[in-house]
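# Geometric and topological summary
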Amino acid sequence: MRLFYLVLGTVFGLILSRSGAADYNYIQGMFLFEEFQLYGIIGTAVALTAPGILVLKRYGKTLTGRPLVIERKPGHRGNVYGGILFGVGWSITGMCPGPVLVNVGEGKLYALAALAGVLVGAGVFGCSYRWLARPFGLPPLAVGTGEG
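These lines cover the structure that appears in this document, whether it is placed above or below. Quick caveat, the model's predicted, so the values are computed rather than measured. (Residues numbered from 1 in each chain as written. Predicted model: local features only at pLDDT ≥ 70, side-chain atom pairs only at ≥ 80, totals over all residues. Heavy atoms only, no water.)

### Some thoughts on the nonpolar core
Judged by nonpolar contacts, Leu16, Ala21, Ala22, Ile27, Met30, Leu38 and Val102 together constitute the single largest core of seven residues. For Ala21, the contacting residues outside a window of four places in its chain are Leu16, Ile27, Leu38 and Pro99. (Core = buried A, V, L, I, M, F, W, Y, C linked by side-chain atoms within 4.5 Å. Buried < 20%, exposed > 50% of the residue type's maximum accessible area, 1.4 Å probe, protein only. Contact = heavy atoms within 4.5 Å.)

Okay, structure coming up:
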């Protein structure tokens, strides 16, 4: 399975790279409403993924043969604040977590600063979760996969 995930991640990274979805100039142009290519890429991804998820929810099975269950995540204030923080970081760096790794793989040195920001931000959030949970209405933190 690890080899499958490695191949899948590599293909995803190549698609991001070749489509321009990891290119700083395209992303900045999208946020400035000067480039519209990425809106098409995002729209195509939604148009293909939404029906695919519906089919998987109805007919999908896990690798062990059990029915696939995709639970709906609860909404809370933290989603709004987290979305704003994510969007600000995305617009400043021109990268979200997937394209950060693509840019590092392409040898772009500025991507190392973005990767450091992602790692530090995730670490700070993880360490401060229990203090943030109450004011932002976050759900209790689930630890592990829930499968034993």
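### Side note on unusual backbone geometry
One non-glycine residue, Phe33, lies in the positive phi region at around 60°. As for its placement among the helices and strands, Phe33 is situated in the loop between helix 2 (24-31) and helix 3 (37-59). (Helix = DSSP H or I, 4+ residues; strand = E, 2+ residues; numbered from the N terminus.)

### Remarks on the environment of Val118
If you trace the backbone, Val118 turns up in helix 6 (residues 110-136). Remark: the alpha-carbon pair of Val118 and Cys96, spanning 22 residues in sequence, is separated by 8.6 Å.

### Some thoughts on the packing of helix 1 (residues 2-19) against helix 5 (residues 97-105)
Helices that pack against each other are described as a pair by the angle of their axes relative to one another and the distance between those axes. Between helix 1 and helix 5, whose axes approach to 10 Å, the crossing angle comes to 85°. In this view, helix 1 runs roughly perpendicular relative to helix 5, as classed from their interaxial angle. Note on element contacts: helix 5 touches helix 1 through Gly98, Pro99 and Val102, opposite Gly13, Leu16 and Ser17. (Axes fitted to C-alpha atoms, helices over the stretch in contact; angles between N-to-C directions. Parallel < 35°, antiparallel > 145°, perpendicular 65-115°, else oblique.)

### Re the packing of aromatic side chains
Each aromatic ring pair is described using two quantities: the centre-to-centre distance and the angle formed by the ring planes. Across all of its chains, the model carries eight aromatic pairs by this definition. An aromatic cluster of three or more residues is present, and its members are Phe31, Phe86 and Trp90. Between Arg130 and the ring centre of Trp131, over which it is positioned, the NZ or CZ distance is 4.8 Å. (Phe/Tyr/Trp six-rings, centres within 6.5 Å; stacked < 30°, edge-to-face > 60°. Lys NZ or Arg CZ within 6 Å of the ring centre and 35° of its normal.)

### Focus on the environment of Gly78
Assignment of secondary structure puts Gly78 in helix 4 (residues 77-93). For Gly78, a relative accessible area of 15% corresponds to the buried category. Counting along the chain gives 54 residues from Gly78 to Leu132, while the straight-line C-alpha distance between them is 8.8 Å.

### Some points on the packing of helix 2 against helix 3
Following both chains from N to C, one finds helix 2 and helix 3 inclined at 90°, their axes separated by 8 Å at the closest point. Here helix 3 runs roughly perpendicular to helix 2, going by the angle between their axes. Where helix 2 abuts helix 3, its residues Tyr26, Ile27 and Met30 lie against Gln37, Leu38, Tyr39 and Ile42. For the contact of helix 2 with helix 3, the class distribution of residues is six nonpolar, one polar and no charged. (Nonpolar A, V, L, I, M, F, W, Y, C, P; charged D, E, K, R; others polar.)

### Regarding the pattern of salt bridges
For the coordinates displayed, the defined rule picks out one salt bridge. For Glu106, the salt bridge is made with Lys108, and the minimal N-O distance between the two is 2.9 Å. Residue classification places Lys108 among the partly exposed positions, given a relative accessible area of 23%. (Salt bridge = Lys/Arg side-chain N within 4 Å of Asp/Glu carboxyl O.)

### Structural notes on the environment of Tyr26
The topology assignment puts Tyr26 in helix 2. By relative accessible area, which is 29% here, Tyr26 ends up partly exposed. Counting along the chain gives 107 residues from Tyr26 to Ala133, while the straight-line C-alpha distance between them is 35 Å. Apart from the residues within four sequence positions on either side, Tyr26 is in contact with Gly20, Glu35, Gln37 and Leu38.

### Concerning a nonpolar patch on the surface
Side chains of Met1, Phe4, Tyr5, Leu8 and Leu63 sit close together on the surface and give an oily, nonpolar patch of about 610 Å² of accessible area. You can see Leu63 is positioned in the loop between helix 3 and helix 4. (Patch = residues over 30% accessible without salt bridge, like charges linked within 9 Å, V, L, I, M, F, W, Y side chains within 5 Å. Areas by Shrake-Rupley, 256 points an atom, 1.4 Å probe, with all protein chains shown as cover.)

Any functional reading would require information beyond the geometric quantities listed.
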